[in-house]
Amino acid sequence: MRNRPTNCSILVGYRCNFKCEHCGVSEKRQVSLTKEETHLLISAINTYQFRTLLFVGGEPTLYIDKINAILAGIKYAPFPQIKITTNGHFARTEAAALAVLNKFRALSGVQLSYDRFHKAFLKEANLSNLYSACRRSGRSFNVLMTVQTPMDLLLIKDLKKMGDFPVGVQPIHPIGAAQKNRLQHIYPSFDADVLRKKCPNNNKLIYLPGEGFTTCCSHLALGGDGRGYVHPTLAGHLDSEFYAIMRKKTFQELIEYFKISSPRFSPEHSAPCAMCKYLFSLRAKDRKTLPAPST
Amino acid sequence: MTNKDKVIAAFLVSVGIFSATQAVQYIQTLSIGERAKLFSVAKISDTGVLVCESPVFDSAGDTKKVG
């Protein structure tokens, strides 16, 4: 199990009480973890002994019972770091925020999704309350900000007034609701440096309910049927061709591996996820079918 | 390109949304007012702003810190 991923994200369910127009997962079907999947996840977690588990959605605080069922099954030490990515809807007051955070059997940190789009649903007070509740209870706190244009970064000024916490920035990828609403980060030109890069998340894993494990958190897994990219068991995914090539190959090497002769790049392919989607679509077109699952 | 433009460009590259070339191209499309706004954010964001690849992965645990 050398070089195995040490972090695993678990998408507990797709239900959310916000309807953000840039959401990458909102168009997926309304499913959540079944009891069978919970048992499978507990077994995989105990086998691979991840150092960090991140629960995401949807909105994970709508699934606290399901998360606690998984946490109750963890049998190794040290206990992994447990984090959630939340929209912060419950933090109407600091006490209300703390009450929800304390419902988790274990919770070491909170990532709050907050940007121009979430701002339409979430009051600034919720952010302050959640930050205070995390500080008071010794939990880490950071904000994830998705941007369509660099001018969206102006919101950082407001965040910096609220506290000294890390802010993560990511461009919008055109999947899910973002694709439907024609939202994506605009690049002024194609950046050929992307060809020298590998998938930035190739050492991470996510479990998608009703589907399985994958390293892809973008187009291939969330934008289609996941065939060949998502596997019902973790062992199956780690043994797959998809996992192997994403771990090892740069995008330039993928072009050579797929025997793509004349790719045509546009500015949007500067984003690794868009480049990846493009190359796999060319390969599928060449094969006249998607690559078959290896397990 | 002014020193302020260079600060803005470095900021946009550091948060991972543009390459250096793209940042320069983008800044050239901005008005003086827009440049001033972005410069003010860049000044206060020299620490604690991270490159994040996905909201479904842990961005605070293993991404590089800028600044």
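Here's what I pulled together on the structure shown here. Once a new chain begins, its residue numbering starts again from 1 and follows that chain's sequence as written. Numbering of ligands from 1 and lettering of chains from A proceed in the order in which they are written. Local features in this predicted model are restricted to residues of pLDDT 70 or higher, and side-chain atom pairs are both shown and tallied only at a pLDDT of 80 or more, whereas totals for entire chains, interfaces and linings draw on every residue.

By the criteria applied, helices consist of DSSP H or I runs no shorter than four residues and strands consist of E runs no shorter than two, each listed in order from the N terminus. When its secondary structure is counted, chain B shows four helices and one strand. Along its sequence from the N terminus, chain B presents helices and strands in the succession α-α-α-β-α. Counting only residues that meet the buried cut, chain B has 45% of its 67 residues in that class. Here the contact rule is simple: place C-beta atoms from the backbone, and any two residues whose C-beta atoms are within 7 Å are in contact. Sequence-distant contacts, at least 24 apart, represent 37% of the contacts inside chain B between residues at least 6 apart. Residues with at least 20 other C-beta atoms within 10 Å of their own are called buried, those with 12 or fewer are called exposed, and the rest are partly exposed. The C-beta atoms themselves are positioned from the backbone.

This part takes up the overall build of chain A. Secondary structure assignment for chain A yields eleven helices and eight strands. In summary, chain A has a C-alpha radius of gyration of 19 Å against a globular reference of 19 Å for 295 residues, a match within 12%. By its C-alpha atoms, chain A is 60 × 45 × 30 Å across when sized along the principal axes. Residues counted as buried form 44% of the 295 residues belonging to chain A. Long-range contacts, defined here as pairs at least 24 residues apart, represent 75% of the contacts in chain A between residues at least 6 apart. Each radius of gyration is computed over the set of C-alpha atoms, and the globule rule expresses the reference value as 2.2 Å times the number of residues to the power 0.38.

Right, let's talk about the interface of chain A and chain B for a bit. In many reports, interface size means the accessible area that the parts give up when they come together. With 41 residues of chain A at the interface, the matching set in chain B holds 31 residues. For the side of chain A that touches chain B, the elements supplying multiple residues, two or more each, are β1 (7-11), β2 (52-56), β3 (81-86), β4 (109-113), β5 (140-147), α5 (155-162), β6 (167-171) and β7 (204-208) of chain A. The element contributing the most residues to the side of chain A that touches chain B is β6(A), with five residues. Classes in brief: Ala, Val, Leu, Ile, Met, Phe, Trp, Tyr, Cys and Pro nonpolar; Asp, Glu, Lys and Arg charged; the others, Gly included, polar. Grouping the amino acids of the side of chain A that touches chain B by side-chain chemistry returns 19 nonpolar, 15 polar and seven charged.

The subject of this paragraph is the pairing of β2(A). All names here are of chain A. Counting buried positions over the five residues of β2 gives five, a clear majority of the element. Residues T52, L54 and V56 of β2 are buried on one face, and the alternating residues L53 and F55, pointing to the opposite face, are buried as well. The pairing criterion for strands is at least two bridges between them, as found by DSSP. With four bridges joining them, β2 and β3 adopt parallel strand pairing. Counterpart to L53 in the pairing with β3 is I82. Here is how to tell: hold the view so the strands point away, follow the path from the first strand over the helix to the second, and if it runs clockwise the crossover is right-handed. Each parallel crossover has a hand, and the one from β2 via helix α2 (residues 64-72) to β3 is right-handed.

Now for unusual backbone geometry. Residue and element names in this part refer to chain A. A cis geometry characterises the amide bond from G57 onward to G58, with omega recorded as 15°. Take G58: it is sitting in the loop between β2 and α2. In this structure, P78 follows A77 across a cis peptide bond, with omega equal to -5°. Looking at the element boundaries, P78 is found in the loop between α2 and β3. With a phi angle near 55°, R182 is a residue other than glycine that sits in the positive phi range. Mapping R182 onto the fold places it in the loop between α6 (176-180) and β7. Taking the C-beta count within 10 Å as the criterion, R182 has 8 such neighbours and is therefore assigned exposed. Although it is not a glycine, K259 adopts a positive phi angle of roughly 60°. Tracing the sequence through the fold places K259 in the loop between α10 (251-257) and α11 (272-287).

For the α-helix, the turn length of 3.6 residues means that residues three or four positions removed from each other point alike. Residue and element names in this part refer to chain A. Buried within helix α9 (residues 241-248) are the following residues: F242, Y243 and M246. Buried residues of α9, viewed axially, fall in a sector of 95°; they line one side. Residues of α9 that are exposed and point more than 90 degrees away from the buried face comprise A244 and K248. Considering only its buried residues, α9 is in contact with α8 (234-238). The directions from the helix axis to the C-beta atoms form the arc being described.

All names here are of chain A. To estimate how far a helix should reach, multiply one less than its number of residues by 1.5 Å. Given a rise of 1.5 Å per residue, 14 residues ought to cover 20 Å, and the 20 Å separating the end C-alpha atoms of helix α1 (residues 35-48) matches this to within 8%. Where α1 is concerned, the buried positions are E37, L41 and I45. Buried residues of α1, seen end-on, are gathered within an arc of 70° and therefore sit on one face of the element. Residues of α1 that are exposed and point more than 90 degrees away from the buried face comprise K35 and E36.

Glancing now at the nonpolar core. The nonpolar side chains of a soluble globular protein tend to be buried, and buried together. Buried Ala, Val, Leu, Ile, Met, Phe, Trp, Tyr and Cys residues whose C-beta atoms connect them within 7 Å together make up a nonpolar core. Core analysis: the largest hydrophobic core is formed by 87 residues, its most contacted members being L130(A) and L12(B). Beyond its immediate stretch of four places on either side in the chain, L130(A) contacts G88(A), A91(A), A97(A), V110(A) and L112(A).

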